[in-house]
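Reading the structure
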Number of protein chains: 2
Amino acid sequence: MTKTTLTIILVEPQLGQNIGAVARAMLNFGLVNLRLVRPRDGWPNPEAIAPAAGADKILENVQVFSSTSAAISDLNRVFATSARSHDMIKSIYTPETAVEALALTAKEDQKVGILFGGERCGLLSEDISLCEALIKIPSNSTFPSLNLAHSVVLIAYEWLVQITSFPPHILRTGKTRLAKRESLHDLFAHLEQELDKSGFLRHKKKRPTMVRNIRNIFQRAHLTEQEIRTLRGIIRSLGAPI
Amino acid sequence: MTKTTLTIILVEPQLGQNIGAVARAMLNFGLVNLRLVRPRDGWPNPEAIAPAAGADKILENVQVFSSTSAAISDLNRVFATSARSHDMIKSIYTPETAVEALALTAKEDQKVGILFGGERCGLLSEDISLCEALIKIPSNSTFPSLNLAHSVVLIAYEWLVQITSFPPHILRTGKTRLAKRESLHDLFAHLEQELDKSGFLRHKKKRPTMVRNIRNIFQRAHLTEQEIRTLRGIIRSLGAPI
């Protein structure tokens, strides 16, 4: 677990089930600090255990507060999530840009947090006035109300993406490697030889285009050495005289 | 709802509750096509209704299939989500890059989908072999197993972010506007005059630095005209002789 972390604060959460789902979502993305402000059904809440799916440590270390002000007092920077349009003059971030800003501050050894409202009506304007800015999760304007844990999972995911670097796209080849071009050229020669024999490439005028098209199929497949051996076995098997 | 869409396919989902949560998550981000392959408890499933939280249309239009192959047969491009490392040579995308690739194809009027495995053990290798590539959601390697609906919410969110454009950061000022610089300068003059009178700026040598620091506080606040009027009222109120 990295030292650069984000505190999640749930204000007046109602269902223990959602608190458990939040704990799971947090740990899935490496977050461990969960605070609750006036949880409706008190704390600890046995309803939270099953949906936490093993994120017990998060539940055990939950801190409970009687006010939003107290829950965020030791933090240096706090944003609030809200789907509703509060009548306030306030900076609005996307999850991505909010987490980017907070992560920069957290990397300077300052404590950052994000506030989430309860299931019924989200955050009150008074809570929001204690926060620097709003995070508005992009959503379908005709069905914008997200489940509490779903909101947290999006923020936690953006946080992990922000503070770590993942390859945008890789081809996993395991112990093997992408084939050398030579092996690919040998595959082409083998296949074209067999297709000449079978008569598939008999139209002299069309042959160059057909050959190019067939080669392109296998170019797109990013073949490994082993796969080229498999394909050559297939060609031998299909091309063998009966 | 845009025509450019993404089909979500759940293979052997177990809990109706999760199917409902998936429907809600989908509609939150504008997705409407949900397909199920061999749902454990059959379909329709009354357990799905409450967690769908009003996304009834998604539930009503669910299509059920007896095989993964049948469920994706009309699609042009299908990716599979998986947390586990399958022993396969396969392209691996992040949610962001996967959705980017699929959205480009969808915008060309081709049908795209993403496969999600059941709660217990995810997708089987056979299902994955029917898909072009894998999507690996970045996660905490010591606690990587996401709730099914949480996986879908991340993909659906990335999809909406990809196909629409949201301002990365705005200051909402409602009907009012950011103040003209002139009003800010008048505020500075007013405040500095009162602070000269009160003696706060009495140290001649320190005065220029103190003035600059105070000005910078108000620069960072992005004040509107109304807020400047409020601040000037505060200065008048505090500066008035008792």
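The structure contained in this document is the topic of the report that follows. (Residues numbered from 1 in each chain as written. Chains lettered and ligands numbered in written order. Predicted model: local features only at pLDDT ≥ 70, side-chain atom pairs only at ≥ 80, totals over all residues. Heavy atoms only, no water.)

1. Brief notes about the overall build of chain A
To keep it simple, the criterion reads: Here a strand is any run of E in DSSP of at least two residues, a helix any run of H or I of at least four, and the numbering for each starts at the N terminus. C-alpha atoms define the radius of gyration in this analysis, and the globule rule sets the expected value at 2.2 Å times the number of residues to the power 0.38. Only protein chains enter the accessibility calculation, which uses a 1.4 Å probe; a residue whose area is less than 20% of its type maximum is buried, one above 50% is exposed, and one in between is partly exposed. Here, residues are in contact when the closest pair of their heavy atoms is within 4.5 Å. Accessible areas in this description were obtained via Shrake-Rupley with a 1.4 Å probe; residue shielding takes into account the shown protein chains only. Within this scheme the basic residues Lys and Arg register as positive and the acidic residues Asp and Glu register as negative, but His and the chain ends are omitted. Taken as the charge centre is NZ of Lys, CZ of Arg, CG of Asp or CD of Glu, depending on the residue.
Along its length, chain A carries ten helices and eight strands. Relative to the 2.2 N^0.38 estimate, which gives 18 Å for 242 residues, the radius of gyration of chain A is 28 Å and therefore markedly larger than a compact globule would have. Taken over the C-alpha atoms alone, chain A extends approximately 85 × 40 × 35 Å along its principal axes. Out of the 242 residues in chain A, the part that is buried amounts to 48%. Restricting the contact set of chain A to residue pairs at least 6 apart, pairs at least 24 apart contribute 82%. As presented, chain A carries roughly 12,800 Å² of accessible surface, and 52% of it is formed by carbon and sulfur atoms. The average position of the 30 basic charges and that of the 23 acidic charges among the side chains of chain A differ by 14 Å.

2. Description of the side chain of B:Asn140
For the record, the criterion: For this analysis, a polar contact is any N or O atom pair within 3.5 Å, provided that within protein one partner can donate a hydrogen and the other can accept it, and provided that sequence-adjacent residues contribute only side-chain to side-chain pairs.
By secondary structure assignment, the location of B:Asn140 is in the loop between β7 (133-135) and α7 (148-163). From its side chain, B:Asn140 meets the backbone oxygen of A:Leu27 in a polar contact 2.8 Å long.

3. Notes on the interface of chain B and chain A
As a reminder of what qualifies: Buried area: the accessible surface (1.4 Å probe) lost by two parts on joining, summed over both. Criterion for a salt bridge: a side-chain nitrogen of Lys or Arg within 4 Å of a carboxyl oxygen of Asp or Glu. Amino acids outside the nonpolar list (Ala, Val, Leu, Ile, Met, Phe, Trp, Tyr, Cys, Pro) and the charged list (Asp, Glu, Lys, Arg) are all regarded as polar, and Gly is one of them.
Facing the 54 residues of chain B at the interface are 54 residues of chain A. For the pair chain B and chain A, the two sides together bury roughly 4,300 Å², of which 58% comes from carbon and sulfur. Sorting the residues of chain B by area buried against chain A places B:Ile89, B:Phe143 and B:Arg172 first, and these three jointly supply 19% of that buried surface. Inspection of the chain B/chain A interface yields zero salt bridges. On the surface where chain B and chain A come into contact, there are 22 residue pairs in polar contact (both at pLDDT 80 or more). Where the side of chain B that touches chain A is concerned, the elements lending two or more residues are α1 (16-28), β5 (90-93), α5 (95-107), α7 and β8 (169-172) of chain B. In terms of residue count, the dominant contributor to the side of chain B that touches chain A is α7(B) (eight residues). Residue composition of the side of chain B that touches chain A, by class: 30 nonpolar, 18 polar and six charged.

4. What to know about a negative patch on the surface
Going by this rule: Each patch is built from salt-bridge-free residues with over 30% relative accessible area, joining like charges within 9 Å and nonpolar side chains (Val, Leu, Ile, Met, Phe, Trp, Tyr) within 5 Å.
Where like charges cluster on the molecular surface, the negative patch consists of A:Glu96, A:Glu100, B:Glu96 and B:Glu100. Within the residue set of the negative patch, elements represented by two or more residues are α5 (95-107) of chain A together with α5 of chain B. By secondary structure assignment, the location of B:Glu96 is in helix α5.

5. Examining the sheet that holds strand β2 (residues 33-37) of chain A
To keep things clear, this is the line we draw: Two strands form a pair only when DSSP identifies at least two bridges running between them. Each axis is a line fitted through C-alpha atoms, and for a helix only the stretch in contact is used; angles between axes span 0 to 180 degrees, taken between their N-to-C directions.
In spatial order, the strands read β3(A)-β2(A)-β1(A)-β6(A)-β4(A)-β7(A)-β5(A)-β8(B); together these eight strands make up an open sheet with mixed pairing. Two strands close off the open sheet at either side, each with one partner strand: β3 (63-65) of chain A together with β8 of chain B. Each adjacent strand pair in this sheet contributes to an overall mean axis angle of 30°, direction not counted. The pairing of β2(A) with β3(A) spans three bridges and is classified as parallel. By the bridge assignment, A:Arg35 is partnered in β3(A) with A:Gln63. Packing of helix α7 (residues 148-163) of chain A onto the sheet brings it into contact with β1 (6-11), β4 (77-81), β6 (112-116) and β7 (133-135) of chain A, and relative to β6(A) it is tilted by some 160°.

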